[in-house]
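Survey of secondary and tertiary structure
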Amino acid sequence: MMAALMHPTVTGTLRVNEPMSRHTSWRVGGAAELFFKPAHLEDLSRFLRELDSDIPVFWFGLGSNLLVRDGGIRGAVIAAAGVFKDLEKIGDPVGGHRVRVGVSVPCTRLARQCIRWGFGPSEFFAGIPGTVGGALAMNAGAHGGETWQHVRSVTTIDRRGEIHKRSADEFTVAYRSVRGPAMEWFIDAVLEFDPAVDPSMDVLKEMLARRKDTQPLGRPSCGSVFRNPPGDHAARLIEAAGLKSHRIGGAEVSSKHANFIINRGGATAAEIERLIDHVQQTVAEVHGVRLVHEVCIVGEAVVEAME
């Protein structure tokens, strides 16, 4: 069935049984049954139109906030990284500063370009790992700023390959949570910045330096694993529970930042997930707080054989 989808009208990259460990920042994960990286928007639209409606679709960007289980992902996986890269200033009739940005643009690039244009406050985007698409999907934030504070409209594509222009008020947005029309994925967004705020390249550089000093950037990880609970920080709770440097197999709670789980080499997705569960359970026992994870966990678990 999958092989039959490889028709000549698709010009992007199409592979069967592609290891997702090649595409996630944790460097773990089983294979995608069908892996597609479109060449452009029309290529993606054509692929979705011609894909059997019974085949599930999973969309991802850089894989920087993604744990794929060792059994892999059934159906079609669409990789958006590097495809939708437009970043441009656009006119705004009410005098604000607006940009249109594609979902494949790294958040750090968005921050740097907005500062060059004098659009602020935009420095906080430099503290978000991954792309604008991931930031839109989870209302990512850093250093007091959140993505959807600036969103005015988005372009989406649905399961049938049809394009939609949607205003921000068609989405329900909360802390690290965004809900909108089902089975639609972001293509680009129009963001607005405050003309009264002057951004600072020095502030951006300070944020990046602080990130380097406080986070284990040299190790495979997904960034912050858990959301901060109201009025507290997940990292503080995890550290206070004595979990820094706790290991399960090749997965370890970072000694540098307790809300990071790193792959020390040879970790499996199952080991990382077990460590996530252990941290969650321990913090609940010690502090009475149930941490909610930010990381998206998808795919099939590998069933271990009984001895």
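Description of the structure in this document. Quick caveat: nothing in here was measured; it's all calculated off a predicted structure. (Residues numbered from 1 in each chain as written. Predicted model: local features only at pLDDT ≥ 70, side-chain atom pairs only at ≥ 80, totals over all residues. Heavy atoms only, no water.)

**Re the pattern of salt bridges**
- Applying the stated rule across the entire model yields 20 salt bridges.
- For R152, the salt bridge identified is with E192, shortest N-O distance 3.6 Å. A residue pair is termed long-range when its members are at least 10 positions apart, and R152 in strand β10 (residues 151-158) and E192 in strand β14 (residues 184-193) qualify at 40 residues.
- You can call R152 partly exposed: its relative accessible area is 30%.
- Salt-bridge contacts for R166 lead to E170; the nearest nitrogen and oxygen are separated by 2.8 Å.
- Assessed through its relative accessible area of 16%, R166 is described here as buried.
- We classify E170 as partly exposed; its relative accessible area is 35%.
- The network of salt bridges with shared partners includes E42, D43, R46 and R49. (Salt bridge = Lys/Arg side-chain N within 4 Å of Asp/Glu carboxyl O. Helix = DSSP H or I, 4+ residues; strand = E, 2+ residues; numbered from the N terminus. Buried < 20%, exposed > 50% of the residue type's maximum accessible area, 1.4 Å probe, protein only.)

**Details of helix α2 (residues 107-117)**
- Every buried residue of α2 is accounted for by C107, L110, A111, C114 and I115. Each buried residue of α2 lies within a common arc of 130° when the element is viewed along its axis, so the set occupies one face.
- Two residues or fewer past α2, G118 is found with a positive phi of approximately 80°. (Arc of directions from axis to C-beta.)

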